[in-house]
Amino acid sequence: MNTHSSTTQEAATCAFNEYDRLLNRLATLAQSLSSARDLTAIYRALCDFTIASAPCSGLVITIYHPDKDVREGVYLWTDGEEVLPADVPLIPVGAGLTGQAIRSQEIIVSDDYMKDQSTRPRVWVGSRDDNDLPRPALIAPMTIMGRVVGTLEIQNIEGKLYTSEHVTAMKMAANLAASAIDNVRLLEHEREQAFRLQQSQKMEAIGNLAGGVAHDFNNLLTVILGNTELAFDKLHEADPLRPRLVEVDKAAKRAAVLTRQLLAFGRRQQMERRNIKLNEVIAEIMKLLNRIIGADVEVNVKAGSNLSTISADPAQIEQIVMNLAVNARDAMPEGGQLTIETSNVTLDQSHQRQYSYIQPGKYVELQVSDTGTGMDEATKARIFEPFFTTKQVGKGTGLGLSMVYGIVKQHDGYIHVYSEPENGTIFRIFLPIVEGAVEKDEVYAEPDTLGGTETILLAEDDEGLRRLACDVLDHLGYSVLLASNGEETVQVFEQNRGRVDLLLLDVMMPQMGGPEAYERIRRIDGEVPLIFMTGYSQDLVKSRFIKQNIDVGEMGAVIIQKPYSIEMLGRKIREVLDARSSVRPAE
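Conventions used here
- Residues numbered from 1 in each chain as written.
- Predicted model: local features only at pLDDT ≥ 70, side-chain atom pairs only at ≥ 80, totals over all residues.
- Heavy atoms only, no water.
- Helix = DSSP H or I, 4+ residues; strand = E, 2+ residues; numbered from the N terminus.
- Buried < 20%, exposed > 50% of the residue type's maximum accessible area, 1.4 Å probe, protein only.
- Contact = heavy atoms within 4.5 Å.
- Areas by Shrake-Rupley, 256 points an atom, 1.4 Å probe, with all protein chains shown as cover.
- Arc of directions from axis to C-beta.
- Polar contact = N/O pair within 3.5 Å; in protein donor to acceptor, adjacent residues only side chain to side chain.
- Phe/Tyr/Trp six-rings, centres within 6.5 Å; stacked < 30°, edge-to-face > 60°.

Asker: Would you mind going over the overall build of the protein in detail, with residue names and values included?
Answerer: A tally of helices and strands in the protein yields 16 helices and 19 strands. A total of 587 residues make up the protein; the buried ones form 45% of that total. Taking the contacts inside the protein whose residues are at least 6 apart along the sequence as the reference set, 72% of them involve residues at least 24 apart. Carbon and sulfur atoms make up 50% of the accessible area of the protein, which amounts to about 30,300 Å² in all.

And the structure:
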């Protein structure tokens, strides 16, 4: 065998062995990537492969965001050490070497990286003392199914050039990494979706429980407050029992506030929606808000221009702003900045990919941010749960944010929170816009008297409430007919046809509910005015009976929320009776 053929055979053997080692390294990389469950493990496996397969003094891995056409630095290896960058600014993708690699989806090789990138932003690896020397570089786009996931950039300060073998090796490795990154992202997305679904189901279950408990508790509070109010009328100012009743009344009213908060969280609170401008609501409460927040907190309002109209209950929107502002103040014990901002936004498919529960569309955004202590992930996961609080005992009930959550959901909106320890908190609330002109508050004339002599048919299944309402109506001078359920209501009405001037019905009753009973009565006499009593929200009442093809709105019914006071009940009854008298034709 001559020398030339021997040399050729040795070169072939060497090339074969090197190719075999490359295949083994690729197999090892593929195995590592297939078992990776987080992105850092992928970056490390790719780094190990690169160091063993190509001249490498350092490398940078970036993730490409095509929607914004920017790169995010996620991993750096240089001088034998790895770095996981934090808070790295996003890099716009331009016409430089990396931009060329992303656009062409092909590997770009440079024999002198520092020279080729002299007029563009550059990433240094290795020693900066060698910047004057030619520095070969290889930029490999990580692609999958024609889509760029990120880039792998390697540099060699020793001046060794990259060959076609290096290009082949890095192309295969980069594409394996792209597939692994895509898989891990999918897993993370699925885990995030599963977590959000679990959280949503938990909040729904807690809301149902809280709303049900609050409804039952409202019945008890109505009895307590009503009987206390009646007792006050029977006692002289100097009676020694009066101070005790005052304390009972105060405690019951505080409990009523808690039940309203629970009903708000459970989305069972009564709402009076109308078309409003969010900026007007915020402007209305700013004077009060400044007094509550205190002088050491600077309040900034950035009202968006040409803000769209929303359908909302102004009082409940005020509750949202007040609760978030008070929470922000408590997170800034040494002062800071509170910013309230409004704007029109459009949530598109990209938002839905991130938050699957969002319906794409046009919204008005309310953003409340502070420069306070912020929250960690564990706290953020629980802030909307009823009675969860990070405040000291006696400093809060843990219902403020629960109430905000419930109000937002009851308005068909969404709420997001962004926060980091010591970096403040941002609450973003999205409320759907509606077409139509802004509606002003209706002005009702106060009745001259709360009492009367008309006959009222009262239907209430709770004995304590029925007895209380009967005493209240009797106290106001009305004649009262009683029923304990829907069936009995219809029977009493038929037995007293022509005598009944007003129906005062509980919504939920055994055997037959209030709306069903009224449907039967309306077929007998469609002219009888109606007031519903309920511990649930007006919207919930309407939606419940829409499912049964009963239109509460068509009934012309007025809904009064429990717990009610004597004055509230008396005023509402008088308003309905007087309204009927004003439209009744002359005899």
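Asker: Report on the side chain of threonine 151, specifying residues and quantitative values.
Answerer: Relative to the assigned elements, threonine 151 resides in strand E7 (residues 147-155). Of the residues examined, threonine 151 reaches a relative accessible area of 0% and is grouped as buried. Those residues in contact with threonine 151, other than ones at most four positions away along the chain, are Val60, Ile61, Thr62, Arg71, Thr98, Ile102, Ala140, Pro141 and Met142.

Asker: Can you lay out helix H13 (residues 486-495) for me, pointing to particular residues and giving the numbers?
Answerer: Side chains that are three or four residues apart share a direction in an α-helix, a result of its 3.6 residues per turn. Burial in H13 covers these residues: Gly486, Thr489, Val490, Val492 and Phe493. Buried residues along H13 cover an arc of 165 degrees about the axis, so they all sit on one side. Its side-chain oxygen placed 3.1 Å from the backbone nitrogen of glutamate 487, asparagine 485 serves as the N-cap of H13.

Asker: A description of the packing of aromatic side chains should follow, citing residues and the corresponding values.
Answerer: Scanning all chains against the criterion turns up two aromatic pairs. Relative to tyrosine 75, the ring of tyrosine 43 lies with its centre 6.0 Å away and its plane at 45 degrees, an arrangement referred to as tilted. Taken together, the positions of tyrosine 43 in helix H2 (residues 39-53) and tyrosine 75 in strand E2 (residues 70-78) put the pair 32 residues apart, joining distant regions of the chain. For the pair shown, tyrosine 43 and tyrosine 75 are each scored as buried. For the pair tyrosine 363 and tyrosine 414, a centre-to-centre distance of 5.9 Å together with 65 degrees between the ring planes defines the contact as edge-to-face. Taken together, the positions of tyrosine 363 in strand E12 (residues 361-370) and tyrosine 414 in strand E13 (residues 414-419) put the pair 51 residues apart, joining distant regions of the chain.

Asker: I'd like to hear about the environment of leucine 468, residue by residue, with values.
Answerer: Within the fold, leucine 468 resides in helix H12 (residues 463-475). Between the alpha carbons of leucine 468 and threonine 222 there is a distance of 8.5 Å; along the sequence they are 246 residues apart. Aside from chain neighbours lying at most four places away, what touches leucine 468 is Thr222, Val223, Gly226, Asn227 and Leu230.

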